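# Tertiary structure, described
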Amino acid sequence: MRRRLGPPALVLAGALALAGCGGSDSGSGSADGKAELSVGSAYMPQPVSDEMAAGFFTVTNKGGAADELTSVTSDVAGQVTVHETVGGAMQEVEDLKVPAHGELVLKSGGDHLMFEQLKRKPKEGQTVTLELRFADSGPVKVEMPVKSATYSPKTGH
């Protein structure tokens, strides 16, 4: 014979389920010793090459600790490398710093991603999926829209 839960038991079960969803780091403030990362303004200009493409985005860190972008994987490329631009020259780097209470900005002419060994050539209007990995924070999935080859975030075209 099955027992039915009365209303007080259901309320308690619901409250416990909701409490379990919060987790310890869902509070409004950040502990000073932890990075709090979010990614925005992601886009890939439609590649002109069949072999490689570039990608740009901004990582915002609202936390009190710095972190580092250490690697990126994508469904569209055999390899994704992280590059910085110094004095007009592009060079591959192991990681890029995300400062505490600051931003890591990847943009045309500056730090950026290179998608190499393309499995398919992304077209304007499509979306590319990436996974960003950091030294201390958990991985972050990003849906990166493909824009026109001449797109500029300043003008929106």
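Model, not experiment: these values are computed from the prediction.

Before going further, it helps to spend a moment on the overall build of the protein. Helices and strands together make up the secondary structure of the protein, namely one helix and 10 strands. For the protein, the α and β elements follow one another from N to C terminus as α-β-β-β-β-β-β-β-β-β-β. Restricting to contacts in the protein with at least 6 residues of sequence separation, those with at least 24 account for 70%. As presented, the protein carries roughly 9,600 Å² of accessible surface, and 53% of it is formed by carbon and sulfur atoms.

In terms of strand pairing, strand β3 (residues 67-74) meets strand β9 (residues 127-134) through five bridges, oriented antiparallel. Counterpart to Leu 69 in the pairing with β9 is Phe 134. Hairpin connection of β9 to strand β10 (residues 140-147): five residues between the antiparallel strands.

Let us look at the environment of Val 142. By the element assignment, Val 142 lies in strand β10. Note on Val 142: relative accessible area 5%, which makes it buried. Considering only alpha carbons, one finds Val 142 and Leu 132, 10 residues apart in sequence, at a separation of 7.5 Å. Here Val 142 is in contact with Val 39, Ala 42, Val 128, Thr 129, Leu 130 and Leu 132, once residues within four sequence places are set aside.

This part takes up the pattern of salt bridges. Under the defined criterion, the tally for this structure stands at six salt bridges. Across the pair Lys 121 and Asp 50 runs a salt bridge, and its minimum N-O distance is 3.5 Å. One end of the pair, Lys 121, is in the loop between β8 (112-118) and β9; the other, Asp 50, is in the loop between β1 (37-45) and β2 (52-61), with 71 residues separating them in the sequence. For Lys 121, a relative accessible area of 27% gives the class partly exposed. Asp 50 gets classed as exposed once you look at its relative accessible area, which sits at 52%. For the salt bridge of Lys 141 with Glu 131, the shortest nitrogen-to-oxygen distance reads 3.0 Å. Linking Lys 141 in strand β10 with Glu 131 in strand β9, this pair joins segments that are 10 residues apart in sequence. Using a relative accessible area of 60% as the deciding quantity, one classes Lys 141 as exposed. With a relative accessible area of 16%, Glu 131 lands in the buried category.

Before going further, it helps to spend a moment on the side chain of Glu 116. Residue position: Glu 116 is located in strand β8. It is Lys 119 that comes nearest to the buried, bridge-free Glu 116 among opposite-charge side chains, at 13 Å. The residues contacting Glu 116, other than those within four sequence positions of it, are Glu 51, Met 52, Ala 77, Gly 78, Gln 79, Thr 81 and His 83.

Thresholds, definitions, all that
Residues numbered from 1 in each chain as written. Predicted model: local features only at pLDDT ≥ 70, side-chain atom pairs only at ≥ 80, totals over all residues. Heavy atoms only, no water. Helix = DSSP H or I, 4+ residues; strand = E, 2+ residues; numbered from the N terminus. Contact = heavy atoms within 4.5 Å. Areas by Shrake-Rupley, 256 points an atom, 1.4 Å probe, with all protein chains shown as cover. Pairing = 2+ DSSP bridges. Buried < 20%, exposed > 50% of the residue type's maximum accessible area, 1.4 Å probe, protein only. Salt bridge = Lys/Arg side-chain N within 4 Å of Asp/Glu carboxyl O. Lys, Arg positive; Asp, Glu negative; His and termini not counted.

Limitation: the analysis is restricted to geometry and does not speak to function.
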